Amino acid sequence: MPVLADPATEARSILAGLGLSLPASGLEARTPVDGALIGHVTPATPAEAEAAIARAAAAFRLWRSVPGPKRGELVRLYGEELRREKDPLGRLVTLEAGKTLSEGLGEVQEMIDICDFAAGLSRQLYGLTMTTERPGHRLMETWHPLGPVGVISAFNFPVAVWCWNLSLALVCGDPVLWKPSEKTPLTALAVHAVFERALARFAAEQGEFAVPDISQLLIGGPEIGNLLVEDRRVALVSATGSTRMGRIVAPKLAARFARSLLELGGNNALIVTPSADLDLALKAIAFAAMGTAGQRCTSLRRLLVHESLKDEVVARLKPIWASASVGDPRDPGTLVGPLIDAAAGEGMANALEAARAAGGIVHGGEAVDSAGIYRRPALVEMPAHGGPMLYETFAPVLYVVGYSTLEEAIELNNSVGAGLSSAIFTTDLRESERFVSAAGSDCGIVNVNIGTSGAEIGGAFGGEKETGGGREAGSDSWRAYMRRATNTINYSNEIPLAQGVRFDIGAG
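Residues numbered from 1 in each chain as written. Predicted model: local features only at pLDDT ≥ 70, side-chain atom pairs only at ≥ 80, totals over all residues. Heavy atoms only, no water.

As named in an unreviewed UniProt entry, the protein is aldehyde dehydrogenase (NAD(+)), taken from Sandaracinobacter neustonicus. Recorded in UniProt under Sequence similarities (unreviewed entry), the annotation for the protein is "Belongs to the aldehyde dehydrogenase family." Under Subunit (unreviewed entry), UniProt gives the following word-for-word description of the protein: "Homotetramer." (UniProt positions renumbered as here; feature names shortened; annotations may be inferred.)

Take a look at the structure:
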């Protein structure tokens, strides 16, 4: 086992290398690796948040008129800066969020990928031209910047989700106000400092197009997020978190007719059919359920196995679960790192207790003797689909039940409140096509022969039902950050009306 540096000391060293120093007091920032205090951060006051919103509104009036490809150039420069700092930023994600090092580096790579995507997108914000029934007319639609965007992000992807929003919002002409999770403020400070470096380069190279305050960081608690939600100058709020949080945010945004982009809970299922390639399925199941210590919104929670295979699948999964290495996420051999805090550990313990009370057989799930909150991943054989299976537990807990028909499996997949991610393992074309059809999974992500987690940025990311309905990252997600105008242009000498309507007023 390699000798690893003290995690808090390593985190402070990374921050110093990025030119950041921490104040002596303020909000505490701790590492889940061993629970130690890394340092403090200064929270924004409500007055400071109000002033930041005002600056974002002023910046919007300028940034919206900067040509799209020029806006894309700023995002491209940010991608370059991220490439230079990928290793220290990835290690900081690991130290503050508890992800394994490969996942921490992968999160920064995801930021780089979305910058590449958005830079190209800046030349492809397409409208349409439609055929019109009126002679001498043109009918078309155009897309325009929407306004300041508020981003409220969660601890489990402390920087990538912000970057999804930032990259698209900036190329679409919108300034961004970011309230990161209180559990991961240091990664926010770090990646924002790197963004300011890119902004300085942009100002030096494209001075006439440089606009201040197009990205601002607001560290704080729910009161800061609430200011973004309630302020009429914030045109869109992208909020990632629990369904409970979404139930608070959505009505407030609806009350002022603002746009919302909600990425909420997931209670994701994977179906294993009789024709499945089990070797392939077991690899996907293991990462989807145990990766990030089960703290992804796309983590696998429910495994639905055909009754003819259930005993075999459980028998093959048990040694995988028992042998999975749990420990310091910086160790290259670690597969399962710490839970984010004590509350997460309590949530896992409560779920396993509820599973036992419902007749479930629990394999694993024990606490690991360590300074942090470490738990062995749990594999739970349930007698029926119910009890704690029906709600999301943000921890490495995988419930297993059997099914008899594909129709039953799809019904179980769709029976929970959330609708984020889903998967099926099959070599039967009819089964796979049924699962991805309108009569199949009701989730926003529907996969075949791949797990529920690990989405790449080219596709739109998000889910249905209690997941919130928002879409981020690729495909046409950019439209959420713009407003659409339908334009009819008359270049004739007549005023014909549509649908054959006549309104003759005679000669003037």
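Chemist: Now, about the UniProt feature "domain: Aldehyde dehydrogenase" (unreviewed entry) in the protein: what can you tell me, with residues and values included?
Modeler: When the UniProt feature table is mapped to this numbering, "domain: Aldehyde dehydrogenase" (unreviewed entry) covers residues 27–484. Between the first and last C-alpha atoms of residues 27–484 the distance is 41 Å; the span itself is 40% helix and 20% strand. (Helix = DSSP H or I, 4+ residues; strand = E, 2+ residues; numbered from the N terminus.)

Chemist: Account for the sheet that holds strand E11 (residues 300–306), with residues named and values stated.
Modeler: Read across the sheet, seven strands follow the order E12-E15-E16-E11-E10-E18-E19 without closing on themselves; strand pairing throughout is mixed. Only two strands of the sheet have a single partner each, and these edge strands are strand E12 (361–364) and strand E19 (445–448). Across the sheet, the mean angle separating the axes of adjacent strands is 20° when strand polarity is ignored. When E11 meets strand E16 (residues 397–403), the two strands line up parallel, connected through five bridges. Each bridged residue has a counterpart across the sheet, and for Val 305 the counterpart in E16 is Gly 402. Across the sheet, helix H10 (residues 278–290) lies against strand E10 (268–272), E11, E16 and strand E18 (421–425), angled at about 160° from E11, the strand it touches most. (Pairing = 2+ DSSP bridges. Axes fitted to C-alpha atoms, helices over the stretch in contact; angles between N-to-C directions. Contact = heavy atoms within 4.5 Å.)

Chemist: So what about the environment of Glu 494? Which residues, and what values?
Modeler: One can find Glu 494 in the segment after strand E23 (482–490). The exposure class of Glu 494 is exposed, given its relative accessible area of 54%. Taking the C-alpha atoms as reference points, Glu 494 and Arg 134, 360 residues apart in sequence, are found 9.7 Å from one another. (Buried < 20%, exposed > 50% of the residue type's maximum accessible area, 1.4 Å probe, protein only.)

Chemist: I'd like a rundown of the packing of aromatic side chains, residues and numbers included.
Modeler: Counted by the stated rule, this structure contains seven aromatic pairs. Here the aromatic rings of Trp 63 and Phe 202 are separated by 6.2 Å at their centres, their planes lie at 70°, and the arrangement is edge-to-face. On the criterion of sequence distance, the pair formed by Trp 63 in helix H2 (residues 46–63) and Phe 202 in helix H7 (residues 185–205) is long-range, its members being 139 residues apart. Per residue, the accessibility class of Trp 63 equals that of Phe 202, and both read buried. Seen from their ring centres, Trp 164 and Phe 461 are 5.2 Å apart, and the 55° between their planes marks the pair as tilted. (Phe/Tyr/Trp six-rings, centres within 6.5 Å; stacked < 30°, edge-to-face > 60°.)

Chemist: Would you mind going over the pairing of E19 in detail, with residue names and values included?
Modeler: Side chains Ile 445 and Asn 447 project from E19 onto a buried face, and the interleaved Val 446 and Val 448 project onto a face without burial. As paired strands, E18 and E19 are joined by four bridges and run parallel to one another. Opposite Ile 424, over in E19, you have Val 448 as the bridge partner. This β-α-β element, E18 to helix H14 (residues 429–436) to E19, shows right-handed connectivity. (Right-handed = clockwise from strand over helix to strand, strands pointing away.)

Chemist: Account for the pattern of salt bridges, naming residues and giving values.
Modeler: Under the criterion given, the structure shown has 32 salt bridges. The shortest N-O distance in the salt bridge between Arg 30 and Glu 28 comes to 3.1 Å. Exposure remark for Glu 28: the relative accessible area of 45% places this residue in the partly exposed category. One salt bridge connects Glu 381 with Lys 310, and the closest N-O pair in it is separated by 3.8 Å. Separated by 71 residues along the polypeptide, Glu 381 in strand E15 (residues 378–381) and Lys 310 in helix H11 (residues 310–323) bring together distant segments of the chain. Take Lys 310: its relative accessible area is 15%, and that puts it in the buried class. Overlapping salt bridges, with partners in common, bring together Glu 73, Arg 76, Glu 80, Glu 81, Arg 84, Glu 85, Arg 197, Arg 201 and Glu 205 in one network. (Salt bridge = Lys/Arg side-chain N within 4 Å of Asp/Glu carboxyl O.)

Chemist: For the packing of helix H4 (residues 86–97) against helix H5 (residues 101–121), give the residues involved together with the corresponding values.
Modeler: To describe two helices that pack against each other, one gives the angle between their axes and the distance between the axes. Between H4 and H5, the shortest axis-to-axis distance is 7 Å and the interhelical angle comes to 125°. Of the possible angle classes, the one that applies to H4 and H5 is oblique. As for the relative orientation of H4 and H5, their crossing is right-handed in sense. Of the residues in H5, those in contact with Lys 86, Asp 87, Leu 89, Gly 90, Arg 91, Val 93 and Thr 94 of H4 are Leu 101, Gly 104, Leu 105, Glu 107, Val 108, Gln 109 and Ile 112. (Parallel < 35°, antiparallel > 145°, perpendicular 65-115°, else oblique. Left-handed = near helix turned anticlockwise from the far one by under 90°.)

Chemist: Let's hear about H2: which residues, and what values?
Modeler: When the terminal C-alpha atoms of H2 are compared, their 25 Å separation across 18 residues agrees well with the 26 Å that a helix rising 1.5 Å per residue should span. Within H2, burial applies to Ala 49, Ala 52, Ile 53, Ala 56, Ala 57, Ala 59, Phe 60 and Trp 63. The buried residues of H2 all sit within an arc of 165° when viewed along its axis, so they share a single face. Looking at H2, the residues exposed on the side facing more than 90 degrees away from the buried face are Ala 47 and Leu 62. (Expected span 1.5 Å × (residues − 1). Arc of directions from axis to C-beta.)

Chemist: If you had to explain the domain arrangement of the protein to someone new, which residues and values would you point to?
Modeler: Domain annotation of the protein identifies domain 1 (7–264 + 468–486) and domain 2 (268–461). The gap between the C-alpha centroids of domain 1 and domain 2 is 30 Å. The partner domain 2 presents 28 residues to the 33 residues of domain 1 that form the contact. Roughly 2,300 Å² is buried in total at the junction of domain 1 and domain 2, and carbon and sulfur atoms are behind 61% of that figure. Put simply, domain 1 and domain 2 have three salt bridges between them. A salt bridge links Glu 10 to Arg 330, with the nearest nitrogen and oxygen atoms 2.6 Å apart. Of all the elements in the fold, those that place two or more residues in the side of domain 1 that touches domain 2 are helix H1 (7–17), H4, H5 and strand E22 (472–473). Among the elements that make up the side of domain 1 that touches domain 2, the one with the highest residue count is H5 (six residues). Residue classes in the side of domain 1 that touches domain 2 are distributed as 13 nonpolar, eight polar and twelve charged. (Domains from an automatic or database assignment. Buried area = accessible area lost by both parts, 1.4 Å probe. Nonpolar A, V, L, I, M, F, W, Y, C, P; charged D, E, K, R; others polar.)

Chemist: Go over the sheet that holds strand E4 (residues 137–145), please, and point to the residues and values.
Modeler: Within the open sheet, the three strands sit side by side as E3-E4-E23. Their pairing is antiparallel. In this open sheet, the two strands that pair with only one neighbour each are strand E3 (128–130) and E23. On average, each strand axis in the sheet is inclined to that of its neighbour by 20°, with strand direction left out of account. Across nine bridges, the pairing between E4 and E23 is antiparallel. Each bridged residue has a counterpart across the sheet, and for Pro 145 the counterpart in E23 is Met 482.

Chemist: An account of the packing of H2 against helix H8 (residues 222–230) is requested, with residue identities and associated values reported.
Modeler: The interhelical angle for the contact between H2 and H8, taken along N-to-C directions, is 35°, at an axis separation of 10 Å. At the point where H2 passes H8, the crossing takes the right-handed sense. Residues Pro 46, Ala 49, Glu 50 and Ile 53 of H2 form the contact with H8, whose own contacting residues are Ile 224, Leu 227 and Leu 228. Taken together, the residues of the contact of H2 with H8 break down into six nonpolar, no polar and one charged.

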